[in-house]
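Take a look at the letters that make up each chain.
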Amino acid sequence: MNVDATMFQQAFFDEAVEVLDELESQLLHLEERKSDRDLLNTIFRCAHSIKGGSATFGLPRLANFTHGLETLLDQVRSGKVAVTGELCQVLFRSLDHMRLLLSEATGKTSNVPDAVELSERIDALGQTSGPDGGVPTSSDADETSVQSEQRYVLRFAPGRGVMRFGSDPCLLLDQLHDIATVLDCVRDTSDLPPLSDLDPEAAYVAWNVTLLTSETPDVILELFDFVADESELVLTPIEPVSTIEDDLVEADTAIVALQRPGDAPKKSESATLRVPAEKVDRLVNLVGELVITQSMLQEATQGIEVETHPRLFEAVAALERASRELQERIMGIRLVQLKQAFGRFPRLVRDLSASVGKKIDLIMIGEETELDKTLIEGLGDPLTHLVRNAIDHGLETPDVRRASGKPETGSIKIHARYEGGNVVVEVSDDGKGLDRARILAKARERGVCPADETPSDDVIDSFIFEPGFSTAAAVTDLSGRGVGMDIVRSTLQDMNGSISMKSTPGQGTTFRIRLPLTMAIMEGLSLRIGSEVYILPLTSIIESLRPLPEDLSLVAGQHEVVRVRDEVLKIVRLHEAFGADTAVTDPCRGLLVIVESEGQKVALLVDELITQNQAVIKSLEANYRKVTGLTGATILGDGTVALIIDVPGLIRGTYREPAAATRAA
Amino acid sequence: MPKLVLIVDDSSSMRQMVSMTLKTAGFTVLEGSNGQEALNRLDGAPGGKVDLIITDLNMPIMDGLTFIKNARTRPSAKFTPILMLTTESSDQRKAEGKAVGATGWIVKPFQPDQLLRVIQKVLPA
C-alpha cells in the first residue's frame, strides 16, 4: 500500500480543532501575562503545529495564512515584538480566520474570502516584508535532469567524528549505486594510524570513486548532505575517452550518406560490400522466378500419391523451405532504415518554420523501421509534401496558438512502425485541422461533390486528394500549387500503398501512409470468376460468406447491399467490373468476399475461392499499361496469369461514385 | 528482525502518518509526544536501544534538541542515527542539531516517500 499524506487529513482536522481550542485558551491569558515565556512558546507552538500539519496534509490556504502568523509569533516569543492590545486583537482575529479556513477544508463552509487586510496587519506587526515566497509545500526532491551521462571522480574523506553522529560512510557511499554506475572505487588508507593509536569510534578511511551518471553534481553531492560540513567532498567531472571516436564515426556516416543515398545499408562494424543496386534487383527477380517455379512443382505433385513417391515429396518440401528462406534473406538485403528518408526533415522544418515565422518542434519516432529500398526512395517526396503542408497550412502562428490556449510551439510528429504486414508512417500536427466548410465549398465548386449532397466528414476529408484541389487562398511558395495531394496519393498507390487522413478542427491533422513491406511478393487468396483467376491481397480480406436471399436488398432503387450481422455493406459485382463471363450472377449461389481498406468495407461477388498463394508481383505498367482496379499480375503454378485486384481503389470507387449497378433482371 | 524506530512529535496526525509509513515499510514503531516521553520509551526498549530516532523539534515539556542531547548520553544510543524534523534547513539549524549530536534532518512538510528515502541514508536496507 502506498502511504499518502492526505490519508491522514481527517486525523489532522481533529487535531487542528484541538490545537485551535488550546490556542484560544492561551490567548485569553496573554494580555495579563505578556512576558510569560512559556505562554509565548506555547502560543507559538500552536501556530507552528497548524502550519506544519496543514502544509503536510494538503491544506494550502491554511498553511499560507498561518505561515505569516507563525513568523510573527516567533518574534513575539523571542522578545523582538511587544505584546500590545493591538497584537492580541490581531491574534484573536487570526484564530477566527484559521477556524474558518479549517471549516472550509472540512467542507462545512465554502468560499471563505482571503483575509488580505488581516494578513497585512500581521506582516506589519512582524515588520516582515510579506511572506517569504509562501509556504514551502512538499516538493519532489528527486528532479531527474535529462542530460547525457558524464563521468566523475568523487573524493570522499569523512570527518573524524562522523560516526559519532550516527552516520555510516559506507552506507552513504552505497547510495551512489542508486543514481550512478560505479566504475571504480579506490580506498585511501593513508590517514590510518597504527593500531595502538586507533580510535575505534573515529573515521580514518577515505575513498576515490569513479562513476558514470546522468545526474547533476548537486544531486550527487546531496547524498552526502549530512556529513558535508565536516568531510572532504570533491566532485570532479572527467572527459569521457570516447568522445573523439564518437565524433569520427558520426562524421564518417554523414560523409557516406552524402555520397550515395540509395545504396545498400552501411554497417558500422564488420566487413561490408558495396553492391550496385541493379545486381540486387536482378537477384530479387531471380528469387521471384524461383518461387514461381517452386509452386509449379508443388502443383505438379498434386496428382501424385504421397506414398508412391515419398522422396519426391520430401524434396519438394525441402525446396519450399529453402526457397522461402532465400526469399526472405534476399528481400532483407533490400531493406533500409527509414532513417534515410527522415534525415532531411530536421533541417527542413527548422528552415521552413523560420521563414514562415512559426515555432515548430519536430518529433521523429521509428527511424529504425526498415523498408524496401525502392519504397524509401519513393516515400521521400510524399513525406516532404505532407510536412510542408503541416508547416504551411496546418500549424498556426505563435500568436494564434496563444490566443487559443495552445502552447506557442507547435509540433509535427513523424511516427513509423510495423502494423500487420505493412509499414505505417504517420505525419501528424497539432495545428488547426481541416476547414471542412471550405473544402466542401471547393468540392462543390469543382463539381467533385453535387451541390445538393452533404457527405459525411470522412468523405469531405477525402476530397483533398482530388486532382487540382487546394484550398490555399493564394499559391504560396511552399505548397498549395494545387497539385499536391493527389500526386501524393497516386505515388503511394504506385507502391501498393495508401494514404488516409484524420482531422479534428482546432486540434490537428494526422496523415497515415501505409506501405507494404515489400513490393515484390504478396500473400494472396486466389479466386475464380468464370474462367478467370484473380488474386486478392490476404491482408485486405475480412471474411467470406454465402448470403441468404433475405440478407440482400436494394438501396435507393439501384445500389445492392447485403446485411452482415449488424452492418450493411455495398456489393460489388466483380464480373461486371472486370467484364468476365460467368454463370454465377446470383450472390446466393456465389460467394461474397468482404474486404476492407482504410476503415471501409465492401462485399465482392465472386464465383468461388481457390486457395492461398504467394504471388510474385509482376508489374502491369512494365509489361502492358496501368489498369484501374488492378495492381499487378502474377504467374500461377500452372503457368497461367492471374490478375491482382486493387482493393483500396475498388473501395474508393464504390463509395465515391454512385454506382450505376444495373442488375440483370 | 524488523528494525525499531522511535518517532517523537507532539502532533498526533504527524505521528500517525510517520508511523503508518514506517510500518508499511516493515519497521516496528515506538511513539512519544514530547522529549521526556521519548526518553522513557527509549529506556524501556529492549536493551535500551532502538535502530533509528526521528524527532520533531518544537515540543512541550522537553523540546527536540534537548531530547537529542539527553539521548546521546545513553551508551546504547551513542551511534543510533537521529533525524530531526525541521521546517527549515538553515545552516544555523543544522549546526544546532550537529552540536547536540543529530545525524541528519528531514525538511517539513514532506511526503511519506521522501521520508523513506532519507531513512535509507542512515539505515542499511
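So, here's what we can say about the structure.

Cut-offs applied
Residues numbered from 1 in each chain as written. Chains lettered and ligands numbered in written order. Predicted model: local features only at pLDDT ≥ 70, side-chain atom pairs only at ≥ 80, totals over all residues. Heavy atoms only, no water. Helix = DSSP H or I, 4+ residues; strand = E, 2+ residues; numbered from the N terminus. Buried < 20%, exposed > 50% of the residue type's maximum accessible area, 1.4 Å probe, protein only. Areas by Shrake-Rupley, 256 points an atom, 1.4 Å probe, with all protein chains shown as cover. Contact = heavy atoms within 4.5 Å. Buried area = accessible area lost by both parts, 1.4 Å probe. Salt bridge = Lys/Arg side-chain N within 4 Å of Asp/Glu carboxyl O. Polar contact = N/O pair within 3.5 Å; in protein donor to acceptor, adjacent residues only side chain to side chain. Pairing = 2+ DSSP bridges. Axes fitted to C-alpha atoms, helices over the stretch in contact; angles between N-to-C directions. Parallel < 35°, antiparallel > 145°, perpendicular 65-115°, else oblique. Left-handed = near helix turned anticlockwise from the far one by under 90°. Nonpolar A, V, L, I, M, F, W, Y, C, P; charged D, E, K, R; others polar.

1. Section: the overall build of chain B
Argument step 1. In terms of helices and strands, chain B carries five helices and five strands.
Argument step 2. The buried share of chain B, reckoned over its 125 residues, is 58%.
Argument step 3. In the form shown here, chain B has an accessible surface area of approximately 4900 Å², with 54% of it arising from carbon and sulfur atoms.

2. Comments concerning unusual backbone geometry
Argument step 1. Of note, the amide linkage connecting Lys 108 of chain B to Pro 109 of chain B takes the cis form, showing an omega dihedral of -5°.
Argument step 2. Residue Arg 565 of chain A is not a glycine yet carries a positive backbone phi of 50°.
Argument step 3. Mapping Arg 565 of chain A onto the fold places it in the loop between strand E16 (559-564) and strand E17 (567-573).
Argument step 4. Classification of Arg 565 of chain A by relative accessible area gives exposed; the value is 61%.

3. With respect to the interface of chain A and chain B
A common way to state how big an interface is: give the accessible area lost once the parts meet.
Argument step 1. On the side of chain B, 39 residues touch chain A, which itself brings 40 residues to the contact.
Argument step 2. Buried area between chain A and chain B, summed over both chains or domains, comes out near 3400 Å², and the portion from carbon and sulfur atoms is 58%.
Argument step 3. Summed over the shared surface of chain A and chain B, the number is three salt bridges.
Argument step 4. At the junction of chain A with chain B, the criterion picks out 10 residue pairs in polar contact (both at pLDDT 80 or more).

4. A word on the pattern of salt bridges
Argument step 1. A full pass over the atoms with the stated rule returns 39 salt bridges over all chains.
Argument step 2. Glu 201 of chain A serves as the salt-bridge partner of Arg 164 of chain A, at 3.8 Å between the closest nitrogen and oxygen. Linking Arg 164 of chain A in the loop between strand E1 (150-157) and helix H6 (169-174) with Glu 201 of chain A in the loop between strand E2 (181-188) and strand E3 (206-213), this pair joins segments that are 37 residues apart in sequence.
Argument step 3. With a closest N to O distance of 3.9 Å, Asp 51 of chain B and Lys 49 of chain B form a salt bridge.

5. Overview of the pairing of strand E12 (residues 521-529) of chain A
Residue and element names in this part refer to chain A.
Argument step 1. Where burial is concerned, most of E12 is hidden: seven out of the nine residues are buried.
Argument step 2. Pairing of E12 with strand E20 (residues 608-616) involves seven bridges; the strand directions are antiparallel. When the sheet's bridge partners are listed, Met 522 is paired in E20 with Ala 615.
Argument step 3. Relative to strand E13 (residues 532-537), E12 runs antiparallel, the two being bridged by six bridges. If you follow Ile 529 over to E13, its bridge partner there is Glu 532.
Argument step 4. Two successive antiparallel strands, E12 and E13, enclose a turn made up of two residues, where Gly 530 displays a positive phi of approximately 65°.

6. What to know about the environment of Asn 64 of chain A
Residue and element names in this part refer to chain A.
Argument step 1. With respect to the helices and strands, the residue Asn 64 is situated in helix H3 (residues 60-77).
Argument step 2. The class of Asn 64 is partly exposed, set by a relative accessible area of 42%.
Argument step 3. Once the C-alpha coordinates of Asn 64 and Ser 54 are considered, the two residues, 10 residues apart in sequence, prove to be 8.9 Å apart.

7. Points about the packing of helix H13 (residues 345-356) of chain A against helix H14 (residues 373-394) of chain A
All names here are of chain A.
Argument step 1. Contact pair H13 / H14: the axes reach a minimum separation of 10 Å and the direction vectors enclose 30°. With respect to H14, the element H13 is oriented roughly parallel. Where H13 crosses over H14, the two elements pack in a sense that is right-handed. Touching Phe 345, Leu 348, Val 349, Leu 352, Ser 353 and Val 356 of H13 are Leu 383, Thr 384, Val 387, Arg 388, Ile 391 and Asp 392, all from H14.
Argument step 2. Of the residues in the contact of H13 with H14, the class split is eight nonpolar, two polar and two charged.

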